[in-house]
Amino acid sequence: MRAGRKRAAPRPEVRAERGATESWFRPRSCSFHAAAIWATSLPPLSLGSVSPSLPPPLPMDRDTRAFAEQHFRDLGGQLYGGGGQAPSGVAFIKEPATFSYADFVKAFLLPNRPCVFSSAFTENWGSRRRWVTPEGKPDFEYLLQKYGDVVVPVANCGVQEYNSNPKEHMPLREYISYWLEYVQGGCSSPRGCLYLKDWHLCRDSSAEDLGDVFTLPVYFSSDWLNEFWDALDVDDYRFVYAGPPGTWSPFHADIFRSFSWSANICGRKKWLFFPPGQEEALRDCHGSLPYDVTSPKLLDTRLHPMLQHSSPPLEVTQEAGEVVFVPSGWHHQVHNLDDTISINHNWVNGCNLANMWHFLQQELRAVQQEVHEWRDSMPDWHHHCQVIMRSCSGINFEEFYHFLKVIAERRLLVLGQGSEAAQEENIGLGLGFQQAAFDVGRLAEVLASVVTHPDFQRVDTSTFSPGPEELLRQLQDAVAATTTL
Ligand SMILES: O=C(O)CCC(=O)C(=O)O
Ligand SMILES: [Fe+2]
């Protein structure tokens, strides 16, 4: 178990579910008035230095880097993976042996398209053996013995709170006894429809135990969100979900426009996917996104005047053992069809970093609109907007800079090892140096935009080390030095 955890990482659909002192993740519809008051009492953000240890080698070869860099040059600053019609189906990847990291980058990560990996990709995971009975059901006895006393977050799927569900916490033992009673009652219980969501199992387990649970697929290993939180030893975006048939996750896009991956340890899920932008046609006459895209309310054209412009969702049934890749900014709704347990991670990397930055700018604009009336009367209005943004979205511009800085310093360290040594290592492994060079290019592009943003220019950066301009210069120098390598 890691020590010194300070706070829980947000998932978009859990925003409304935290207590006041912890609830930075309130929905947009929260009162900004109230948020402004309590948000100012949050502890100050530490910009202290982090462990200088080198990141583990990351997966990218020379050709894939060149391909990815060309992809972003062709985009010419346009948003990656934005818009477009839903593809007619979702690709299914059968064979781990013939599907490389480069294949994933070129066919799915860069085009920002969903895909499903077959159960062969999770065949050797300990959780698939130990958490599941020979009949394919959750092994409640094993789970009770291993994790019975762990306190887990549980959402009530039957109660809508904004576009989410209220949450409570209980020992896993209590949730499992609810689950058995719900199934025995023909999928009904006086306690409602409860779903174990966002359990930070990695936080509650030792490293050895985790090695026994799952192995991170190489495709998802360039994961800056978890690298950042691990470096600070504060939190993570690694979750376990578990629930009986009928439990579900309301319509949402993932936190900060991150990617996610979701592996079914047992059971099946139905996913409804909408490509970025398609959610606009689902808004109601007040501009709000739906809570449940399967609700008959959506057919009311007075309530949903733009629905005629919407396309049907892409529907995917995920079987036991399969892994779904959720691209950046794709809205989705998820239903458990059986007794289901899944492992889900959110991740950001050089491919969706610009989307995250775009999302943060949108979030700030929304806050500014909401508290516009105080602009002239409040002397530090811009600062308050940043504080409120952090309360509502989980991050503000200062913290985003810190995130970029932590990842940038780690990549510069890899490149600074000396390109020859690093490249030699690459010859053997095809790992590390090329990924760092690609990452530095993406960081430089996004940081160049951050430093010119008027609201970032209002942030007091005098104590940041290195300062934003200096870090940008270091990144640009590294880009120039590695272009031809
Ligand atoms: O499995 C679920 O209920 C939700 C999963 C999800 O939304 C995700 O992995 O992004
Ligand atoms: Fe999600």
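The coordinates are above.
The paragraphs below set out a description of the structure included in this document. Just so it is clear, the model here is predicted, and its values are computed rather than measured. (Residues numbered from 1 in each chain as written. Chains lettered and ligands numbered in written order. Predicted model: local features only at pLDDT ≥ 70, side-chain atom pairs only at ≥ 80, totals over all residues.)

Another aspect to go through is the overall build of the protein. Helix and strand content of the protein: 15 helices and 13 strands. Buried positions account for 44% of the 485 residues belonging to the protein. Restricting to contacts in the protein with at least 6 residues of sequence separation, those with at least 24 account for 80%. (Helix = DSSP H or I, 4+ residues; strand = E, 2+ residues; numbered from the N terminus. Buried ≥ 20, exposed ≤ 12 C-beta atoms within 10 Å, placed from the backbone. Contact = placed C-beta atoms within 7 Å.)

An α-helical segment advances 3.6 residues per turn. Residues three or four places apart therefore align on the same side. With 20 residues, helix α11 (residues 397-416) should reach 28 Å at 1.5 Å per residue; the first-to-last C-alpha distance of 27 Å fits that figure. With 14 of 20 residues buried, α11 is to be regarded as a mostly interior element. (Expected span 1.5 Å × (residues − 1).)

With that settled, the discussion passes to the environment of Asp339. Within the secondary structure, Asp339 sits in the loop between β12 (331-336) and β13 (340-347). We classify Asp339 as buried; it has 22 C-beta atoms within 10 Å. With 97 residues separating them in the primary sequence, Asp339 and Ala242 have C-alpha atoms 7.7 Å apart.

If you trace the nine strands from one edge of the open sheet to the other, you get β1-β2-β11-β8-β13-β6-β5-β3-β4, paired in mixed fashion. Of all the strands in the sheet, the pair left with one neighbour each is β1 (91-93) and β4 (167-171). If you compare each strand with its neighbour and ignore which way they point, the axes differ by 25 degrees on average. Summarising the sheet, strand β3 (residues 151-156) and strand β5 (residues 194-199) pair through three bridges and their orientation is antiparallel. The partner of Ala155 across the bridge, within β5, is Tyr195. (Pairing = 2+ DSSP bridges. Axes fitted to C-alpha atoms, helices over the stretch in contact; angles between N-to-C directions.)

Residues Ser465 and Pro466 are joined by a peptide bond in cis, for which omega reads -5 degrees. By the element assignment, Pro466 lies in the loop between α14 (454-457) and α15 (468-482). A positive phi is found at Asn112, a non-glycine position, where the angle reads about 60 degrees. If you trace the backbone, Asn112 turns up in the loop between α3 (101-109) and β2 (115-117). The backbone phi angle of Phe256 is positive, close to 55 degrees, even though this residue is not glycine. Note on placement: Phe256 falls in the loop between β7 (248-252) and β8 (259-266).

As a further point, take the pairing of β3. Both β3 and β4 contribute to a ladder of five bridges, which runs antiparallel. Its bridge partner lying in β4, Val154 is registered against Glu168.

Taken together, the residues surrounding ligand 1 are Tyr241, Ser249, Asp254, Ser260, Ser262, Lys269, Val326, His332, Val334, Ser342 and Asn344. Looking at the shell around ligand 1, the elements with two or more residues in it are β8, β12 and β13. In the shell around ligand 1, the residues fall into three nonpolar, six polar and two charged. (Near = placed C-beta within 6 Å. Nonpolar A, V, L, I, M, F, W, Y, C, P; charged D, E, K, R; others polar.)

Turning to the sheet that holds β12, a few remarks are in order. Strands sit in the order β7-β12-β9-β10 across an open sheet of four strands; the sheet is antiparallel. Each end of this open sheet is capped by a strand with a single partner; those strands are β7 and β10 (314-318). Within this sheet the neighbouring strands show an average axis-to-axis angle of 15 degrees, counted without direction. Strand direction decides the pairing type here: strand β9 (residues 269-274) and β10, joined by five bridges, are antiparallel. Counterpart to Lys269 in the pairing with β10 is Gln318.

Inspection of the secondary structure assignment puts Leu272 in strand β9. With 17 C-beta atoms counted inside 10 Å, the residue Leu272 sits in the partly exposed group. In this structure, the C-alpha to C-alpha distance between Leu272 and Trp330, residues 58 residues apart in sequence, is 10.0 Å. Apart from the residues lying within four places of it in its own chain, the contact partners of Leu272 are Val293, Pro313, Glu315, His332 and Gln333.

It is worth spelling out the nonpolar core at this point. Membership of the largest hydrophobic core comes to 107 residues, with the highest contact counts inside it found for Leu404 and Leu443. In this structure Leu404 touches Leu443, Val446 and Leu447, once residues within four positions along its chain are discounted. (Core = buried A, V, L, I, M, F, W, Y, C linked by C-beta atoms within 7 Å.)

Bringing the packing of helix α9 (residues 353-370) against helix α10 (residues 381-393) into the picture now. Two measures define how a pair of helices packs: the angle their axes make with one another and the distance between the axes. It is the contact of α9 with α10, at a shortest axis distance of 9 Å, that shows an interaxial angle of 115 degrees. Along this stretch, α9 crosses α10, giving a crossing that reads as right-handed. Two secondary-structure elements touch here, α9 through Glu363, Leu364, Val367 and Gln368 and α10 through Cys385, Ile388, Met389, Cys392 and Ser393. For the contact of α9 with α10, a count of residues per class yields six nonpolar, two polar and one charged. (Left-handed = near helix turned anticlockwise from the far one by under 90°.)

Turning our attention to the packing of helix α8 (residues 224-232) against α11. At a minimum axis distance of 10 Å, the contact between α8 and α11 shows a crossing angle of 90 degrees. Comparing the axis directions of α8 and α11 gives the class roughly perpendicular. Seen from α8, the contacting residues are Trp224, Glu227, Phe228 and Ala231; seen from α11, they are Phe403, Val406 and Ile407. (Parallel < 35°, antiparallel > 145°, perpendicular 65-115°, else oblique.)

Take it as geometry only, folks, not as evidence of what the structure does.
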